[in-house]
Amino acid sequence: MTEQIPVTTNTTCGPVVGREKQGALLFAGLPYAAPPVGELRFQAAQAHAGWSEPRQCFKFGPAAPQVASGGMTDSASVRWNEDCLTLNVSTPAIDQGQRSVLVWIHGGAYRTGQSSVPWYNGTRFAADQNIVVVSINYRLGALGFTDLSRFGAKYATSGANGILDQIFALAWVRDNIANFGGDPAKVTIAGESAGAYAVSTLLGCERADGLYRGAIAQSGGPFQTLPLAAGKQVADAFLAALGADTMMAVEAMSAEALLAAQVSVCADLESGPGLSNKLGGTVAPFYPVEGNEVLPRSPLSLIEAGHNAQVPVLTGSNQDETTLWGYGKVDAAKLDRAVASIATPALLETYKAQLPNANLQELMIAVTTDFMFRMPAIRLAELRAAHRGNTWLYQFNWASREPSGRLKATHALEIPFAFNNLDQAGVAAFIGPGEKPQHVADTMHDIWSRFVRGEALGWSAYEPSQRTTMVFDDVSTVLENPEAALREAWGKLR
């Protein structure tokens, strides 16, 4: 075995040591903020005290506290700790290369996930595309998004601390990435699912302005924040579940007790007719709360007013996102309830007419996929187009070949294609048997890389007159206004 030679560089916190891995240099588990423990648990991120001796960064940091959920990140085996504000850097070289930088924000419904998931391995971007990749952890769930501002100014940001953690990490990138061969003026933020919600939220967050020049939102738009009243309702339920009425009592709780209360609150507040919940909408508990110094206004309203229209955006969704959830057995009554909670019955009639061979399960998947993911991406593109913002729209249609035939182009399937990580752990089970679709990954990875470097993508930016969309499949192609009748059926709902 060839001995790996450590590589050292400096950060504003102190010197760090990384190592060569698969043709790139990896620095893992770098703290970007102070551990949010003790009295800092529900407060805004603070600067790290730093260190003087070289710090070995060979091992990924622990995930944020979370409850087992299974799925891609296999939360049952996640190593978590409240001391979780770390990031990882993959780079081609430690030099003055001034390379473009991709900052990846993981998904997981703002409750699970971590930056060390193999699907997010940035080696191919670094080794093959000359791009520096940063992946970050941030506070999740109740610890990252409970509005406890009622307990004083120290907790004013508590409803959006997870977003503030991301901003703190971006500031770290601004101040340090040149020492890793990157250019702080060439940063693109990217994420999938809740990571895409976060990217879209940052687009509508003035506090993050100037920390990035481009954004990629995969399966998520700027519609996933809670109004202040809903955030207070979540906090009321959380405190009741804990049996606590003072901040001292809350801070005395173990992380496990906080997670148990989080689960109880979600089970209660998420129950409702169809796709709606007891918070008066479809945004889940412990999502970012508006009405604080981090998000004084809804990100959607700022984007609608033209905020950050000058920032290039790549956004899109997968054709069959919600097959990942399945929805169990779907009968006509269940489908009707789901549609009634988000739209008029006319919407379902359009889907039945446009998809005449679809069964009830397939209709549920089509409607919920479009409501949760496709329409938000289109609406984001439309809002930005009104201000001449350059937005490129895609749709991922490559269907999984897993034996049950259930997944198709499911939620998150596009990630290893974009990262060119088809050989990473867990990907084969999602792709299914047969020849590896490397040609699809090559196409997507090249386009993602070009976007990060600020190069032309090969298709036109989105305009309502054409609705140009890149469709990724065995044969990828550019279409004008795909599935127009289904899009039109939604009107201005999302």
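Up top is the structure these notes are about.
These lines cover the structure that appears in this document, whether it is placed above or below. All values reported here derive from a predicted model rather than from experimental measurement.

1. Details of the overall build of the protein
In terms of helices and strands, the protein carries 15 helices and 13 strands. A compact globule built from 494 residues should have a C-alpha radius of gyration of about 23 Å, and the protein, at 22 Å, falls within 12% of that. Expressed as lengths along the three principal axes of its C-alpha atoms, the size of the protein is roughly 65 × 55 × 45 Å. By the burial criterion, 58% of the 494 residues in the protein qualify as buried. In the protein, of all internal contacts separated by at least 6 residues, the share reaching a separation of at least 24 is 75%.

2. Thoughts on helix α14 (residues 438-453)
Between its first and last C-alpha atoms α14 spans 22 Å; for 16 residues at 1.5 Å apiece the expected length is 22 Å, and the two agree. Among the residues trailing α14, Gly-454 stands out with phi positive, at a value near 80 degrees.

3. With respect to the packing of helix α3 (residues 161-176) against helix α4 (residues 194-203)
One way to put it is that α3 packs onto α4 with a least axis distance of 11 Å and a crossing angle of 75 degrees. Here α3 is positioned roughly perpendicular relative to α4, judged by the angle of their axes. Contacts between α3 and α4 involve Ile-163, Gln-166, Ile-167 and Leu-170 from the first element and Ala-198, Thr-201 and Leu-202 from the second.

4. Comments concerning the environment of Pro-35
Relative to the helices and strands, Pro-35 resides in the loop between β3 (24-31) and β4 (55-56). Residue Pro-35 is classed as partly exposed on the basis of its relative accessible area, which comes to 26%. Spatially, the C-alpha atom of Pro-35 lies 9.1 Å from that of Thr-86, the residues being 51 residues apart in sequence. In contact with Pro-35, not counting residues within four places along its chain, are Leu-40, His-48 and Asp-83.

5. Remarks on the pattern of salt bridges
Applying the stated criterion across every chain, the model contains 20 salt bridges. The partner of Arg-111 in a salt bridge is Glu-270, with the nearest N and O atoms 2.4 Å apart. Residue Arg-111 is found in the loop between β6 (99-105) and α1 (123-129), and its partner Glu-270 is found in the loop between α7 (255-269) and α8 (299-304); the two are separated by 159 residues along the sequence. A salt bridge links Arg-453 to Glu-455; the nearest nitrogen and oxygen atoms lie 2.9 Å apart. Residues joined in a network through salt bridges with shared partners are Asp-370, Arg-374 and Glu-483.

6. Details of the pairing of strand β5 (residues 86-91)
Where burial is concerned, most of β5 is hidden: six out of the six residues are buried. Covered by surrounding structure in β5 are Thr-86, Asn-88 and Ser-90 together with Leu-87, Val-89 and Thr-91, the residues of both alternating faces. Pairing of β3 with β5 involves five bridges; the strand directions are antiparallel. Its bridge partner lying in β5, Pro-31 is registered against Thr-86. With four bridges joining them, β5 and strand β7 (residues 132-136) adopt antiparallel strand pairing. Considered in β7, the bridge of Val-89 is made with Val-134.

7. Focus: the nonpolar core
Residues Phe-27, Leu-87, Val-89, Val-103, Tyr-110, Val-134 and Ile-167 are the most contacted members of the largest nonpolar core, which totals 85 residues. Beyond its immediate chain neighbours, meaning those up to four positions away, Leu-87 contacts Phe-27, Ala-28, Gly-29, Leu-30, Tyr-32, Val-134, Ser-135, Ile-136, Ala-169 and Trp-172. Counting residues in each nonpolar core, the second largest holds 38 residues, with Trp-104, Trp-398, Val-427 and Val-452 among its members.

8. With respect to α7
For α7, which comprises 15 residues, the first-to-last C-alpha distance of 21 Å matches the rise-based estimate of 21 Å (1.5 Å per residue) to within 8%. Those residues of α7 not exposed but buried are Ala-255, Leu-258, Leu-259, Ala-261, Gln-262, Val-265, Cys-266 and Leu-269. All buried residues of α7 fall inside an arc of 160 degrees around its axis, so they share one side. The elements touched by buried residues of α7 are α2 (141-145), α5 (228-242) and α6 (247-252).

9. Quick notes on the state of the cysteines
Throughout the structure, instances matching the rule amount to zero disulfides. Of the cysteine sulfurs around Cys-205, a residue in no disulfide, the closest is that of Cys-84, at 19 Å. Relative accessible area serves as the criterion here: at 1%, Cys-205 is assigned to the buried category. Free cysteine Cys-266: the closest other cysteine sulfur is in Cys-84, separated by 18 Å.

10. A look at the pairing of strand β1 (residues 7-11)
Here β1 shows a clear split, with Val-7, Thr-9 and Thr-11 buried on one side and none of Thr-8 and Asn-10 buried on the other. The pairing of β1 with strand β2 (residues 14-21) spans five bridges and is classified as antiparallel. For Thr-8, the partnering residue across the bridge sits in β2 and is Val-17. In this structure, the hairpin formed by β1 and β2 is closed by a connection of two residues.

11. Topic: the packing of aromatic side chains
One pass over the structure, following the stated rule, counts 21 aromatic pairs. Centre to centre, the rings of Trp-119 and Phe-430 are 5.2 Å apart; their planes meet at 90 degrees, and the pair counts as edge-to-face. Linking Trp-119 in the loop between β6 and α1 with Phe-430 in helix α13 (residues 427-431), this pair joins segments that are 311 residues apart in sequence. Of the two residues, Trp-119 and Phe-430, neither departs from the other in class, the shared state being buried. Aromatic pair Phe-238 and Phe-286: ring centres 5.8 Å apart, planes at 80 degrees, arrangement edge-to-face. Here Phe-238 is found in helix α5, whereas its partner Phe-286 is found in the loop between α7 and α8, with 48 residues between them in sequence. As far as burial versus exposure is concerned, Phe-238 and Phe-286 are alike and both buried.

Definitions and cut-offs
- Residues numbered from 1 in each chain as written.
- Predicted model: local features only at pLDDT ≥ 70, side-chain atom pairs only at ≥ 80, totals over all residues.
- Heavy atoms only, no water.
- Helix = DSSP H or I, 4+ residues; strand = E, 2+ residues; numbered from the N terminus.
- Rg over C-alpha atoms; globule rule 2.2 N^0.38 Å.
- Buried < 20%, exposed > 50% of the residue type's maximum accessible area, 1.4 Å probe, protein only.
- Contact = heavy atoms within 4.5 Å.
- Expected span 1.5 Å × (residues − 1).
- Axes fitted to C-alpha atoms, helices over the stretch in contact; angles between N-to-C directions.
- Parallel < 35°, antiparallel > 145°, perpendicular 65-115°, else oblique.
- Salt bridge = Lys/Arg side-chain N within 4 Å of Asp/Glu carboxyl O.
- Pairing = 2+ DSSP bridges.
- Core = buried A, V, L, I, M, F, W, Y, C linked by side-chain atoms within 4.5 Å.
- Arc of directions from axis to C-beta.
- Disulfide = S-S within 2.5 Å.
- Phe/Tyr/Trp six-rings, centres within 6.5 Å; stacked < 30°, edge-to-face > 60°.

Function cannot be read off these values alone, since they describe shape.
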